[in-house]
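# Fold and contact review
Spelled out from the first residue to the last, the chains are:
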Amino acid sequence: MTTSTDLDPADIAALLHDVRSSAARLAAGLDALTDVTTREPSVLPGWSRGHVITHLARSADVYRWLLALARTGIEPGTRADAAALDHALRDGAGRCAAELIADLRGSLDRLLDEAAAMPADRWPTLVTALAGWRHPAWYTLHRARRELETHHIDLKLGYTTVDWPTGYVTWALGETIAALAAHNFPVVRFEATDLDRSWTLAPTGPTATGPGHALLAWLAGRGPDEVLELEPNLPTPPPWPLPPTPGWGRAQP
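The shown structure was predicted, so the numbers you read here are calculated from the model rather than taken from an experiment.

Burial along strand β5 (residues 207-210) is two-sided: the face carrying Thr 207 and Thr 209 and the face carrying Ala 208 and Gly 210 are both buried. When strand β3 (residues 189-192) meets β5, the two strands line up parallel, connected through 4 bridges. By the bridge assignment for β5, Glu 191 is matched with Thr 209. The pairing of β5 with strand β6 (residues 229-230) spans 2 bridges and is classified as antiparallel. When the sheet's bridge partners are listed, Ala 208 is paired in β6 with Leu 230.

Right, here's the structure in full:
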């Protein structure tokens, strides 16, 4: 992770392709849902599948808003704050399956259309996350992909952490561990056995070893997995995801 706002155009194109692929996989999995099953519990406590689908749709709207701002330099209407997003979630979760699915697919299509319309020289433009930290417009694609891959798991539609693409796991795990190191997370070493990668954070303390997808699932609050080797007294990971480290700073008050 660096503080540069530049990213090679080929890397941006590949990242956009990855977001499209994540969105397509998730959208295809929605076809079997009914009015009954959308009201069934998701992985997330207190959230039905309808809550997760509505959250994904509104998140896509937020990312599209950020990309439109980066592209034009003008705010594309009023930005939804945390209270507005919570209200939209509560009001939208109980809709019928057809409405939920159409809403999400439409929001994802509009997000991808906005990304496709971005001029190359606007991708480095800094935008501000709702929590106040800043990032280049292209990092919005990383955020969108992480949202899609994580909540696809939460929907309990047969898509599991084993199905996460290797490229996604490699990026998200490296990003997460870098942020944990900056927050002095008391783990000495992470070792992703299937990725042939390891990260050393401290000279002494416990270690965590296992497949990359299982490590990421644990750090993302979707574990622990029985295939992980977790030493005793491992700390509980902090709320996920953390802002990127070192990142691009915070917006001025």
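Structure's up, so let's keep going.
A word on the environment of His 135. Here His 135 shows up in strand β2 (residues 134-136). Residue His 135 is classed as buried on the basis of its relative accessible area, which comes to 0%. With 113 residues separating them in the primary sequence, His 135 and Trp 248 have C-alpha atoms 5.7 Å apart. Excluding its chain neighbours within four sequence positions, the residues that come into contact with His 135 are Leu 66, Thr 125, Leu 126, Val 127, Thr 140, Arg 143 and Trp 248. Side-chain polar atoms of His 135 contact the side chain of Arg 143, separated by 3.1 Å.

If you check UniProt for "domain: Mycothiol-dependent maleylpyruvate isomerase metal-binding" (unreviewed entry), the listed places come out as residues 20-155 in our numbering. What you have in residues 20-155 is 60% helix and 4% strand, and the ends, taken at the C-alpha atoms, are 19 Å apart.

Turning our eyes to something else, we now look at unusual backbone geometry. Across the junction of Trp 240 and Pro 241, the peptide omega takes the value 0°, indicating a cis bond. Counting through the fold element by element, Pro 241 comes out in the segment after β6. Between Thr 245 and Pro 246 the backbone carries a cis peptide bond, its omega angle lying at 0°. Along the chain, the position of Pro 246 falls in the segment after β6.

Right, let's talk about the environment of Ser 22 for a bit. Structurally, Ser 22 is set in helix α1 (residues 9-29). Taking relative accessible area as the criterion, Ser 22 reaches 2% and is therefore assigned buried. The spatial distance from the C-alpha of Ser 22 to the C-alpha of Ala 144 is 9.2 Å, given a sequence separation of 122 residues. The contact partners of Ser 22, leaving out residues within four places of it in the chain, are Arg 145, Leu 148 and Glu 149. Side chain to side chain, Ser 22 and Arg 25 meet in a polar contact 3.3 Å long.

Thresholds, definitions, all that
Residues numbered from 1 in each chain as written. Predicted model: local features only at pLDDT ≥ 70, side-chain atom pairs only at ≥ 80, totals over all residues. Heavy atoms only, no water. Buried < 20%, exposed > 50% of the residue type's maximum accessible area, 1.4 Å probe, protein only. Helix = DSSP H or I, 4+ residues; strand = E, 2+ residues; numbered from the N terminus. Pairing = 2+ DSSP bridges. Contact = heavy atoms within 4.5 Å. Polar contact = N/O pair within 3.5 Å; in protein donor to acceptor, adjacent residues only side chain to side chain. UniProt positions renumbered as here; feature names shortened; annotations may be inferred.

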